[in-house]
Amino acid sequence: MSDTFSYLLMAWMDPNLLMLTALGTFAGIYIGAIPGLSVTMAVSILVSFTFSWDVNDALALIVGIFIGGVYGGARSAILLNIPGGPSSVATSFDGYPLAKRGEAGRAIGLSTVMSVIGGLVGTGVLALAAPILGDLALQFAPRDYFLIAAIGLMLVGSLAEGSLAKGIFAVALGAIIGMVGMDPVTAEGRFTMGQMELMGGIHYVVVMIGLFGVAEALFQLHNLSTQAVKQKVDKIIPSVAMVLKFLPLSLRTSIIGVLVGVLPGVGGEIAALLAYDHAKRTVKNPTSPFGEGAYEGLVAPETANSAAVGSAYVPMLTLGMPGDAVTAVIIGALVIHGLNPGPMLMVENPHIFWFTVGNLALANIFLLIFGLMGIKLFAKVVELPKAVLIPLILVLCTVGSYSLNSSMTEVYWMLGFGLLGYFLKAFGFQMGPIILGVILGPLMDSSYRQAMASVGDNPVELLGELVSSPLSLILTSALVLVLLSNTPLFGWLKHKRKAASVQP
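Residues numbered from 1 in each chain as written. Predicted model: local features only at pLDDT ≥ 70, side-chain atom pairs only at ≥ 80, totals over all residues. Heavy atoms only, no water.

**A look at the overall build of the protein chain**
Looking only at helices and strands, one finds 23 helices and 2 strands in the protein chain. Within the protein chain, the fraction of its 504 residues that count as buried is 56%. The contacts of the protein chain with a sequence gap of at least 6 include a subset with a gap of at least 24, amounting to 78%. Total accessible area on the protein chain stands at roughly 21,400 Å², and carbon and sulfur atoms take up 69% of it. (Helix = DSSP H or I, 4+ residues; strand = E, 2+ residues; numbered from the N terminus. Buried < 20%, exposed > 50% of the residue type's maximum accessible area, 1.4 Å probe, protein only. Contact = heavy atoms within 4.5 Å. Areas by Shrake-Rupley, 256 points an atom, 1.4 Å probe, with all protein chains shown as cover.)

Spelled out as structure tokens, the structure:
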């Protein structure tokens, strides 16, 4: 126990490690805020620089970048409606309306505090339940990943404001876009129209930047003469009462983030979308309607995607399997430094596990400090004249798209999806379902085909497999319930029950 405690404090007591964690967190916030500059890219570059470093120094810097980068995407999502990363897509649904209402400062302050709460919950779960959650992750079969993806696609009912039919069209369009490129099973081209340039697929970040950033900039051209909304930046730090009000929701969505983050290959973006849908379904009296500046719609995804960071380390450290793209790169960093992530890591090198736990907690403390700094200056971005703000958005979108692969092809795709998004917005389509399809479509496709292959391509046997284990049965039941909740019958029953409850 004393050794464990000393490992936990190692990241806190060494001035060099303290400085590296602080530097990584600070840099991560601003890297994450720039569309296209992903956390994965930053960590990949860092690994090459830290090859000759001590392993603790390298991990301290990487953890700081990871924590800060996941949070940083919320800033551009709130201020400019351009998610800095896929895990911040859901944050923009209510964050940007809050900025348009003049409450960008308060929105960023609340998102910072809730991100820290989610991050600390994820870190606590990593410390207390890593072996248990590691075993849980091993129990997930391809059919279970298929069910999770299917449940995620059912979120279209929550993300499609106004018309479910438009939402279904949008999510189907996103799924098709996400599956463009080489088939992962047969290596044949899908939706490539014979063009070799499309065999590599279309990067989902380019789609996101185009649909959210460029489309929003083009839409703003209709309102060039409109005066910018003056931001209320006098109350940046949320009150204790406000934090306590949203604490039950943040704890619930943190658990969602933990459970999703622990699954190998499932990232914080899915956790954030599931958490947003949970908030929309369970919060009876939101501060504003969802999609129009509800603080609950900001709290839910921000706590979930931060909680998913800590739990993403669970399969990496206990099983040697990456929880997401960033932890896949971190596995490479550990191997470079002579360590072997997996079941024996906690036996042979327990200090790495407990040092990581302490380092994650420390990075979240630095996130609280740095996240609440400079908010007034950031909030001023929204007050810029449209003639300055629109070119700024387009420059950020261009730089972010180009930086993905240092290729103008990505920029052309970004502009194309920007135009597509503009026309879709003009006809009342929401961008959220498209991104939902882009992210979940390929996961659902590959998981379904693996599940079918495991039962000899027998659909009847696959249906039996969906209820063959307690885990699959729970997920199947959840899918049925979510599916029924999107039907008119459910809405009618809910309305009838509400009417009966208000009658004397």
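After that view, the rundown keeps rolling.
**Thoughts on the environment of Val-314**
The topology assignment puts Val-314 in helix α13 (residues 295-319). Among the residues examined, Val-314 registers a relative accessible area of 0% and is labelled buried. Between the C-alpha atom of Val-314 and that of Val-125, which follows or precedes it by 189 residues, the distance is 9.0 Å.

**What to know about a nonpolar patch on the surface**
Residues Trp-12, Met-13, Leu-120, Ile-365, Ile-369 and Met-373 make up a contiguous nonpolar surface patch of about 550 Å² in total accessible area. For the nonpolar patch, the secondary structure elements donating two or more residues are α1 (2-13) and α16 (350-371). Mapped onto the fold, Met-373 is located in the loop between α16 and α17 (375-379). (Patch = residues over 30% accessible without salt bridge, like charges linked within 9 Å, V, L, I, M, F, W, Y side chains within 5 Å. Salt bridge = Lys/Arg side-chain N within 4 Å of Asp/Glu carboxyl O.)

**Observations regarding the packing of aromatic side chains**
For any pair of aromatic rings, the description rests on two quantities: the centre-to-centre distance and the angle between the ring planes. Counted according to the given criterion, the structure contains 13 aromatic pairs. Taken together, a centroid distance of 5.5 Å and an interplanar angle of 45 degrees make the contact between Phe-146 and Tyr-448 tilted. Here Tyr-448 lies in helix α20 (residues 432-454) and Phe-146 lies in helix α7 (residues 142-153), a separation of 302 residues in the sequence. According to the relative accessible area criterion, Phe-146 is buried, its value standing at 16%. Between Phe-353 and Trp-354, the aromatic rings sit 4.9 Å apart at their centres with planes inclined by 90 degrees, giving edge-to-face as the arrangement. (Phe/Tyr/Trp six-rings, centres within 6.5 Å; stacked < 30°, edge-to-face > 60°.)

**Section: unusual backbone geometry**
The phi torsion of most residues other than glycine is negative, and most of the peptide bonds are trans. At Phe-191, a position not held by glycine, the phi torsion is positive, near 55 degrees. Of note, Phe-191 is situated in the loop between β2 (189-190) and α10 (204-220). On the basis of relative accessible area, Phe-191 is assigned to the partly exposed category, the value being 48%. Even without being a glycine, Asp-457 presents a positive backbone phi close to 60 degrees. Summarising the element assignment, Asp-457 is placed in the loop between α20 and α21 (459-465). Taking relative accessible area as the criterion, Asp-457 reaches 56% and is therefore assigned exposed.

**Digging into helix α11 (residues 240-261)**
Of all the bends in α11, the greatest, near 45 degrees, is centred on Leu-247, and the proline Pro-248 appears no more than four residues after it. When α11 is considered as a whole, its buried residues turn out to be Met-242, Val-243, Phe-246, Leu-249, Ser-250, Thr-253, Ser-254, Ile-256, Gly-257, Val-258, Val-260 and Gly-261. (Bend = angle between axes of the 7 residues up to and from the residue.)

**Quick word on the nonpolar core**
Counting 139 residues, the largest nonpolar core has Val-43, Tyr-313 and Ile-330 as the members making the most contacts within it. The biggest single contributor to this core is helix α4 (residues 55-80), with 14 residues. With residues near it in sequence (within four places) discarded, Tyr-313 still touches Val-63, Phe-66, Leu-126, Thr-327, Ile-330, Thr-356 and Leu-360. (Core = buried A, V, L, I, M, F, W, Y, C linked by side-chain atoms within 4.5 Å.)

**Considering the packing of α11 against helix α12 (residues 268-282)**
Their axes nearest at 9 Å, the elements α11 and α12 cross at an angle of 145 degrees. Where α11 crosses over α12, the handedness of that crossing is right-handed. Counting all contacts with α11, which are made through Leu-249, Arg-252, Thr-253, Ile-256, Gly-257 and Val-260, the residues of α12 involved are Ile-270, Ala-271, Leu-274, Ala-275, His-278, Ala-279 and Thr-282. (Axes fitted to C-alpha atoms, helices over the stretch in contact; angles between N-to-C directions. Left-handed = near helix turned anticlockwise from the far one by under 90°.)

**A closer look at the confidence of the model for the protein chain**
The pLDDT averaged across the protein chain works out to 80; a share of 86% of its residues lies at or above 70. Across the protein chain, element-level confidence peaks in α11 with a mean pLDDT of 90 and bottoms out in helix α23 (residues 488-502) with 60. (pLDDT = per-residue confidence, 0-100.)

**Looking at the side chain of Glu-296**
Relative to the helices and strands, Glu-296 is located in helix α13. Excluding its chain neighbours within four sequence positions, the residues that come into contact with Glu-296 are Phe-246, Leu-249, Ala-279, Val-283, Asn-285, Pro-286, Thr-287, Phe-290 and Pro-301.

**Overview of the packing of α10 against α20**
Between α10 and α20, whose axes approach to 10 Å, the crossing angle comes to 175 degrees. By the angle between their axes, α10 is roughly antiparallel relative to α20. Across the interface between the two elements, Tyr-204, Val-207, Met-208, Leu-211 and Phe-212 of α10 pack against Gly-432, Ile-434, Ile-435 and Val-438 of α20. For the contact of α10 with α20, the per-class residue count stands at 8 nonpolar, 1 polar and no charged. (Parallel < 35°, antiparallel > 145°, perpendicular 65-115°, else oblique. Nonpolar A, V, L, I, M, F, W, Y, C, P; charged D, E, K, R; others polar.)

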